[in-house]
Amino acid sequence: MKGFREKAGASKCFSKSTPDTPNRSLASVGSEPGSSESKSSKGSLLSSLFNSAFSVFETYSESSASEKKAVHNKSNGWTAAVKRLVTAGSMRRIHERVLGPSRTGISSSTSDIWLLGVCHKIAQDEALGDAAGNNGLAEFNQDFSSRILISYRKGFDPIGDSKITSDVGWGCMLRSSQMLVAQALLFHQLGRPWRKPLQKPFDREYVEILHLFGDSETSPFSIHNLLQAGKAYGLAAGSWVGPYAMCRSWEALARCQRVETGLGCQSLPMAIYVVSGDEDGERGGAPVVFIDDASRHCSVFSKGQADWTPILLLVPLVLGLEKVNPRYIPTLRLTFTFPQSLGIVGGKPGASTYIVGVQEESAIYLDPHDVQPVINIGKDDLEADTSTYHSDVIRHIHLDSIDPSLAIGFYCRDKDDFDDFCARASKLAEESNGAPLFTVTQTHKKPVNHSDVLGETGGVPEDDSLGVMSMNDAVGNAHEDDWQLL
């Protein structure tokens, strides 16, 4: 991706601002093979079509009273037609016509399915459609449908100083990252075995988590607050963003909230550690998990009151140029067997998804590209309708077709859990045939500035490809994000 490079000074914790509105729908994830050039040209055509279509909405909303009257006669029919197209789900069908259809459902394979660290065994009779076999498939379906889905929304308050009230067409990376963090909170508050109850009232912790991701400035992890926190990394409403900038934006958001609130009332009750660089420099080799750095992140998070705290590890990677280098696929697949697994933020070029599981060579994912009306759930509303935050539609793509620019997440509840993660990661690196995704070591060989390691300055590293682009460039260049090329 052709990310722009810039120097940014120390970022200050953001002040609350007002929100924003386009409706530009672009790419949906497809699973059919094809040349990247043909997909890019198709994506550009689609982008132009929807940019022009939704500009009708923006022009209409920004005109004066007299202009509105003139525009109304010419564009009201077209506006209504496009709005019906979006709300009726036809947008996805157009996406799939241009970029290829998504594959849904589970294959007839009897291979194990790994879903965020849990193995679901599928019996032969189940794979053939005989539900009387065992309940492995039913357990998988219940587990999958309990994962939190966060997708495009329309009709929220404007973002910042803009008039943008929808993230259609540009917010898929933000939504995918919200899903990963939401699962971390589920695991932390309710445990990995938790499943969504069939009847109300719901668990208070579950409802409180959904409230955190509402689409308004009052929700701590809203798209509004993420964009504000990520300004130093180039985040802006209407622009597509890469995994590295997204990870750093979460780090910045958590840091600002830590400053504004006390230790006991933090919305994200865990430290965040963005794993990057290696022992010889920030831009070469596999990222390294430094155990000492993880410890310092926990200490800073607890304000010196604890030696260790729960910690969220985010590992942004670029595993190839045009496509994922095949030598990384086996280790990428094995990360889903880690009990600490939070999955992968990634997908097709220009169309991010949240990958939650694998079966053989297929990646199973939640798709943020369905457009839904805005909904903000009160943290005390235990009878809330939460149906739009879940899906039982199982989509999958081949692992070798995902965008090489991605980010892996892991959640470690305590020091023992972190030690177990390190042991598994070290073994995975040793068995990677010289192609580790990341490695683990105790400490840096060379002295480091710990304020930089912990992100205390909030600044952007000099000469860093941030992975941020306008929507017009997203499909054609998303695979060129070269921040951490392995």
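The residue count restarts for each chain, going from 1 along the sequence in the order it is written. For a predicted model such as this one, the threshold for reporting local features is a pLDDT of at least 70, and the threshold for listing and counting side-chain atom pairs is 80 or more; totals across whole chains, interfaces and linings nevertheless cover every residue. Hydrogens and water are ignored here; the side-chain numbers use all heavy atoms of the structure.

What follows concerns the overall build of the protein chain. Secondary structure elements are defined from DSSP: runs of H or I of at least 4 residues count as helices, runs of E of at least 2 residues count as strands, and each element is numbered from the N terminus. In terms of helices and strands, the protein chain carries 14 helices and 16 strands. Here the protein chain holds 486 residues, and the buried ones make up 56% of them. Of all intrachain contacts in the protein chain linking residues separated by at least 6 positions in sequence, the fraction that spans at least 24 positions is 77%. All accessibility values rest on the Shrake-Rupley procedure with a 1.4 Å probe; residue burial counts only the protein chains present in the view. For the protein chain, the computed accessible surface area is about 19500 Å², with 51% contributed by carbon and sulfur atoms. Accessibility here uses a 1.4 Å probe with only protein chains present; expressed as a share of the type maximum, an area under 20% marks a residue as buried, one over 50% as exposed, and anything in between as partly exposed. What makes two residues a contact is simply this: any of their non-hydrogen atoms within 4.5 Å.

Expected span of a helix, by definition, is 1.5 Å for each gap between consecutive residues, and there is one gap fewer than residues. For helix H9 (residues 243-260), built from 18 residues, the straight-helix expectation of 26 Å at 1.5 Å per residue is met to within 8% by its first-to-last C-alpha distance of 26 Å. Along H9, 16 of the 18 residues are buried, which leaves the element largely enclosed by surrounding structure.

To continue, consider the side chain of His390. Note on placement: His390 falls in the loop between strand S12 (372-373) and strand S13 (395-398). Under the rule applied, a polar contact is a pair of N or O atoms within 3.5 Å (in protein, one hydrogen donor and one hydrogen acceptor; residues adjacent in sequence only if both atoms are side-chain atoms). A distance of 3.2 Å separates a polar side-chain atom of His390 from the backbone oxygen of Arg147. Non-local contacts of His390, meaning those with residues more than four positions away in its chain, are made with Ser145, Ser146, Arg147, Ile148, Leu149, Lys196 and Tyr206.

A few words now on helix H6 (residues 172-190). A rise of 1.5 Å per residue sets the reference length of H6, with its 19 residues, at 27 Å; its end C-alpha atoms lie 26 Å apart and thus fit the reference within 8%. Counting buried residues in H6 gives 17 out of 19 residues, a clear majority hidden from the surface.

Turning our attention to the state of the cysteines. The criterion for a disulfide is a pair of cysteine sulfur atoms lying within 2.5 Å. Tallying each qualifying case throughout the model produces zero disulfides. Distance from the sulfur of Cys412, which forms no disulfide, to the nearest cysteine sulfur (Cys422) is 7.1 Å. Given the relative accessible area of 0%, Cys412 is considered buried.

Bringing the nonpolar core into the picture now. Think of a nonpolar core as a cluster: buried Ala, Val, Leu, Ile, Met, Phe, Trp, Tyr and Cys residues, connected wherever their side-chain atoms sit within 4.5 Å. Core analysis: the biggest nonpolar cluster contains 71 residues, and Leu185, Phe213, Trp250 and Leu312 have the highest contact counts within it. Residue contributions to this core peak at eleven residues, all from H6. When near neighbours in sequence (up to four residues on either side) are disregarded, Leu312 contacts Leu180, Val181, Ala184, Met270, Ala271, Ile272, Tyr273, Leu342 and Phe410. By size, the runner-up hydrophobic cluster in this structure holds 43 residues, among which are Ile329, Phe410, Phe418 and Ala425.

Quick look at unusual backbone geometry now. The linkage connecting Lys200 with the following residue, Pro201, adopts the cis geometry, with an omega of 5°. The residue Pro201 is located in the loop between H6 and helix H7 (204-212) in this model. Of note in the backbone geometry, Leu116 takes a positive phi value of approximately 45° without being a glycine. Position of Leu116 among the secondary structure elements: in the loop between strand S2 (113-115) and strand S3 (118-120). Of the residues examined, Leu116 reaches a relative accessible area of 0% and is grouped as buried. Despite not being glycine, Glu360 has its phi angle at roughly 55°, a positive value. Relative to the assigned elements, Glu360 resides in the loop between strand S10 (351-359) and strand S11 (362-366). Classification of Glu360 as partly exposed rests on a relative accessible area of 44%.

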